[in-house]
Amino acid sequence: MFWAYCFNWSLLIFGYVFVVYPKIKTQTMDNIVFKTLFYVYVCFVLYFTIMPVTLSSLRFFSIQPIAWYAFEDVLLQRPNAIKEVILNIIMLVPFGILFPLAFDQKASTTVVMAFFFSVFIELIQPYVNPARLSDITDVLTNVIGAIIGVGIVQMLYPVITHIRKSLKKIDA
């Protein structure tokens, strides 16, 4: 298992060094910082949700169930249900903060991209980890987290503008 994690992290580092950074290295310092932070954030989300990915764990040709009833675990008072809801909200708050800063996007675009990111994770999880299940509650709570993140960006806009200006001075 250790080597699978090492291999997965190596691929993510390779992706940054040879794919992402060459595309952003000519941009302003604030863009480089926010895009790098966003990439690191996505790597950690992948780590906590689908890693390690190994060839033996991949199950391409099996149909995986999806939990379609939103908040069923909470309503049935299953152990850790509230904790999972809270963690899923927290997990995408940084997405709501970093995505609009890294890619200069509106709030609505950020929420839509968070939705697709969450759906991607939920659809991939059961194929790389047999113990995982796709769950509509996770998608909904992830989107709530992204909305909270967007709200934080909007509340802290003057501070963020100051940080951006400070980072742009480094370019000069």
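Attention in this report is confined to the structure presented alongside it. (Residues numbered from 1 in each chain as written. Predicted model: local features only at pLDDT ≥ 70, side-chain atom pairs only at ≥ 80, totals over all residues. Heavy atoms only, no water.)

Quick word on the overall build of the protein
Argument step 1. Counting its regular elements, the protein contains 7 helices and 2 strands.
Argument step 2. Reading the secondary structure of the protein in the N-to-C direction produces α-α-β-α-α-α-β-α-α.
Argument step 3. Considering the protein as a whole, with its 172 residues, one finds that 36% of them fall into the buried category.
Argument step 4. Intrachain contacts of the protein at a sequence separation of at least 6 include 76% that bridge at least 24 residues.
Argument step 5. When the accessible area of the protein is evaluated, it comes to approximately 10800 Å², of which 73% is carbon and sulfur surface. (Helix = DSSP H or I, 4+ residues; strand = E, 2+ residues; numbered from the N terminus. Buried < 20%, exposed > 50% of the residue type's maximum accessible area, 1.4 Å probe, protein only. Contact = heavy atoms within 4.5 Å. Areas by Shrake-Rupley, 256 points an atom, 1.4 Å probe, with all protein chains shown as cover.)

Things to note about the nonpolar core
Argument step 1. With 29 residues, the main nonpolar core has F38, Y41, L92, F95 and F117 as its most contacted residues.
Argument step 2. Listed by contribution, the elements that provide at least two residues to this core are helix 1 (2-24), helix 2 (29-49), helix 4 (81-103), helix 5 (107-128), helix 6 (136-155) and helix 7 (157-171).
Argument step 3. Ranked by residues supplied to this core, first place goes to helix 2 with 9 residues.
Argument step 4. Residues within four places of F38 in sequence aside, it is in contact with F95, L98, F99, A102 and F103. (Core = buried A, V, L, I, M, F, W, Y, C linked by side-chain atoms within 4.5 Å.)

So, the pattern of salt bridges
Argument step 1. For the coordinates displayed, the defined rule picks out 2 salt bridges.
Argument step 2. Its salt-bridge partner being R164, residue D30 comes within 2.7 Å of it at the nearest N-O pair. Here R164 lies in helix 7 and D30 lies in helix 2, a separation of 134 residues in the sequence. Both residues of the pair, D30 and R164, belong to the buried class.
Argument step 3. The shortest N-O distance in the salt bridge between R78 and D73 comes to 2.6 Å.
Argument step 4. With a relative accessible area of 38%, R78 lands in the partly exposed category. (Salt bridge = Lys/Arg side-chain N within 4 Å of Asp/Glu carboxyl O.)

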